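An overview of the molecular structure
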Amino acid sequence: MSTRTRETYGGASRRLLLAFDIGTTFSGISYSILEPGQVPEILPVTRFPSQERVGGDTKVPTVIYYDKTGKPSAIGAETLVEGIEADALEKGWTKAYWFKLHLRPQPTKDSCAEGSDAVPPLPPNKTIIQVLADYIRYLHQCSKTYIQETHYHGQALWESLEHDIVYVLTHPNGWGGAQQAQMREAASLAGIIPNTDQGFSRITFVTEGEASLLFCLSSGLKIAGDKAAGVTIVDAGGGTIDVSSYRKINDSSFEEISIPRCYFQGASYVTMRAEKYFKDFLSGSRFQDDVPTIVGRFDRNAKHIFRTTYDPLHIQFASHRERDPELNIRAGRLTIAADVVAKFFEPSVSCIVEAIKVQLREAHYPIKSVFLVGGFSASSWLYDKVKEAIEPLGITVTRPDSHINKAVSNGAISHSLDQTIKARISKLTYGIKVFTKYDPCNPTHKPRGHLAIPHPVHGVKADTSSVKPQVLYSEKTKVRYYKVEYDIVLLFGLTELKAQIAYLENGIEKRYVVDLITGSTSMLTGGW
């Protein structure tokens, strides 16, 4: 399937779109310089400070080392420098990793989440907002350096764009207003936007599931043209499994056909289960202090090559002189039975299979194909097990080679430029709940007094001072009172839920945008 031809940028002045895909284990950056009258091009950042080779790497570790004073000592690509672990140990640095998972909503029973204890703790005296801000500041600086060094008159170009950059941040399917508010706060703390409504408006969001689809489409992924059937995208990443289903409307547009869902069973959770096994297995032995090394080797290498229940997995972690046959250690190599390794993967595999079945049940159109993308889908064991469970249901399961290590940040830019997704499904039902206030003096209320319970009030907060009230008079009470009429408008067209209040002034409809989190408002300049 080929997406429609991208339209030329219709703005009056040059502008920069900058996307940060902050993943659980790896992160990426993409951007587009919007030139009036020209077709925008999506470009990835492929060079980061401290990389040993120039170009080619589009992702860096989502890792920060903090020194004893709480200042970052190494971030992202800098944490890949040879001997960094030894330096960290010698200097007493603290490692922050998988910290994105601290932003996650309270896990629900269907999110497949492990206990929160499995998520590595944040460094001492650090909040998730502070850690995230440090990482966003790093990505922003990498973007600045790359653009300045890559483009003609790069420094002047950056200086002309830096004060009005539009940022696109990705997040898992299951995240909403609360997580978006924290990410905006972190962006402000990082210093990339001012702490104002206008500054916050320069931050937009897109789900990782949607960004994955958009990247795959822009990279040439072929999706059948049957409008009566749908496709499910399973983005298996480091921390989360994002599952989304779409139907093609025409050659250039798609719509959601089921509620996008997020599950906390990505590749990191396989490593967490392996770590627990290694700790228990080697506890009390002279190798128990080698567990961090073994876990690291498993995570970076061994985990990805596991594929059958016949061949054991080997992890080289020590000198060839080391051996202990009772612990399956020979020549410094730990051997793990294949059925044991399979148990590390099993909860994640089961979660993905059930997640696909949920989409099959809930989608408004029949699902005919499933595409596995993301770094975790590179696991042959994962792919084979999912295919084995799903294809008997009449669904084809595909793992496009060129889209396994997809650039979600590229898809995030496409989200802003192309508007490929034309319709989305609301994750919740919105409306007005009506409660009758308990009156202890009302004889009809007294018999039901034991049923009275307090109800918290939820909604939007808006300044309605600009709405002209009607002055009315009650003949019954002989009291003058005021009546304000307005509508609450909820907009579901984008990843982020938007709200407005609408009212008539001299017969003309006026609208104000309402921030669902902070309650701040700003006047619309026209249109929706």
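Attention shifts here to unusual backbone geometry. With a phi close to 60°, Asn125 is a non-glycine residue in the positive phi region. With respect to the helices, strands and loops of the structure, Asn125 is situated in the loop between β7 (94–97) and α2 (128–150). We note that Asn328 has phi near 60°; this positive angle belongs to a residue other than glycine. Tracing the sequence through the fold places Asn328 in the loop between β14 (313–316) and β15 (329–330). Asn328 sits in the partly exposed class, given a relative accessible area of 32%.

Further remarks concern the nonpolar core. Ranked by size, the top nonpolar core spans 52 residues in total, and within it Phe20, Tyr135 and Tyr138 carry the most contacts. If you tally residues by element for this core, the top one is α2, at twelve residues. With near-sequence residues (within four places) excluded, Tyr138 lies in contact with Phe48, Val60, Ile75, Gly76, Ala77 and Glu78. Membership of the second largest hydrophobic core comes to 47 residues, among which are Val270, Ala302, Val358 and Leu382.

The next thing to look at is the packing of aromatic side chains. For the structure on display, the rule yields 16 aromatic pairs. Both rings, one in Tyr97 and one in Trp98, keep their centres 5.2 Å apart while their planes meet at 65°; by these two values the pair is edge-to-face. Of the residues examined, Tyr97 reaches a relative accessible area of 28% and is grouped as partly exposed. Aromatic pair Tyr277 and Phe278: ring centres 5.8 Å apart, planes at 65°, arrangement edge-to-face. Counting every residue linked through ring pairs, the aromatic cluster contains Tyr277, Phe278, Phe281, Phe298 and Phe344. The lysine or arginine in question, Lys100, covers the ring of Trp175, its NZ or CZ lying 5.8 Å from the ring centre. If you follow Arg104 out to its NZ or CZ, it ends over the ring of Phe264, 5.0 Å from the centre.

Before going further, it helps to spend a moment on the side chain of Asp418. Within the element layout of this structure, Asp418 appears in helix α11 (residues 408–418). Side-chain polar atoms of Asp418 contact the side chain of Arg6, separated by 2.7 Å.

What follows deals with the pairing of strand β20 (residues 470–474). In this sheet, strand β21 (residues 479–483) lies alongside β20 in antiparallel orientation, the contact comprising five bridges. Looking across to β21, one finds that Tyr473 is bridged to Arg480. Here β20 folds back onto β21 in antiparallel fashion, the turn holding four residues, of which Lys478 has a positive phi close to 60°.

Spacing of three or four residues puts side chains on the same side of an α-helix, whose turn is 3.6 residues. With 16 residues, helix α7 (residues 267–282) ought to run about 22 Å at 1.5 Å a step, and its terminal C-alpha atoms sit 23 Å apart, in line with that. Where α7 is concerned, the buried positions are Ala267, Ser268, Tyr269, Val270, Thr271, Met272, Arg273, Ala274, Phe278 and Leu282. Taken together, the buried residues of α7 touch α8 (291–305), β14, β15, β16 (333–336) and α9 (338–362). Backbone geometry just after α7 places Gly284 at a positive phi near 85°.

Our focus in this paragraph is the sheet that holds strand β5 (residues 63–66). The sheet built from three strands is open, its strands ordered β6-β5-β7 with antiparallel pairing. Strands at the two margins of the open sheet, each flanked by one partner only, are β6 (72–75) and β7. Each strand of the sheet is rotated relative to its neighbour by a mean of 20°, with strand direction disregarded. The pairing of β5 with β6 spans three bridges and is antiparallel. Its bridge partner lying in β6, Tyr65 is registered against Ala74. Across the face of the sheet, α2 comes into contact with β5, β6 and β7 while running at roughly 110° to β5.

What follows is about the pattern of salt bridges. Summed over all chains, the structure comprises 16 salt bridges. Here Glu362 ties to Arg261 by a salt bridge, and the two come within 2.9 Å at their closest N and O atoms. Separated by 101 residues along the polypeptide, Glu362 in helix α9 and Arg261 in strand β13 (residues 261–263) bring together distant segments of the chain. Across the pair Glu509 and Arg511 runs a salt bridge whose closest N-O atoms are separated by 3.1 Å.

A word on the confidence of the model for the protein. Considering every residue of the protein, the mean pLDDT works out to 85; 86% of them sit at 70 or more. Mean pLDDT across the elements of the protein bottoms out in strand β25 (residues 521–523) (38) and peaks in β5 (97). Segment residues 517–528 is flagged for pLDDT under 50; beyond a separation of four residues in sequence, or across chains, it makes 27 contacts in the model.

Two modes of strand pairing occur in sheets, parallel and antiparallel, and in both the strands are linked by backbone hydrogen bonds. What the three strands build is an open sheet, ordered β14-β16-β15; its pairing is antiparallel. A strand with exactly one partner marks an edge of an open sheet, and here the two such strands are β14 and β15. Sheet analysis places β14 next to β16, joined by four bridges and oriented antiparallel. Residue Ile315 lies in a different strand from β16, and its bridge partner there is Leu334. Set on the sheet, α8 makes contact with β14 and β16; between it and β14 the angle comes to about 140°.

On to the environment of Tyr146, then. Turning to its location among the elements, Tyr146 is positioned in helix α2. Under the relative-accessibility criterion, Tyr146 is labelled buried at 10%. Along the sequence, Tyr146 and Arg47 sit 99 residues apart, while their C-alpha atoms lie 6.7 Å from each other. In this structure, Tyr146 is in contact with Tyr31, Pro44, Val45, Thr46 and Arg47, ignoring residues within four places of it in sequence.

Conventions adopted
Residues numbered from 1 in each chain as written. Predicted model: local features only at pLDDT ≥ 70, side-chain atom pairs only at ≥ 80, totals over all residues. Heavy atoms only, no water. Helix = DSSP H or I, 4+ residues; strand = E, 2+ residues; numbered from the N terminus. Buried < 20%, exposed > 50% of the residue type's maximum accessible area, 1.4 Å probe, protein only. Core = buried A, V, L, I, M, F, W, Y, C linked by side-chain atoms within 4.5 Å. Contact = heavy atoms within 4.5 Å. Phe/Tyr/Trp six-rings, centres within 6.5 Å; stacked < 30°, edge-to-face > 60°. Lys NZ or Arg CZ within 6 Å of the ring centre and 35° of its normal. Polar contact = N/O pair within 3.5 Å; in protein donor to acceptor, adjacent residues only side chain to side chain. Pairing = 2+ DSSP bridges. Expected span 1.5 Å × (residues − 1). Axes fitted to C-alpha atoms, helices over the stretch in contact; angles between N-to-C directions. Salt bridge = Lys/Arg side-chain N within 4 Å of Asp/Glu carboxyl O. pLDDT = per-residue confidence, 0-100.

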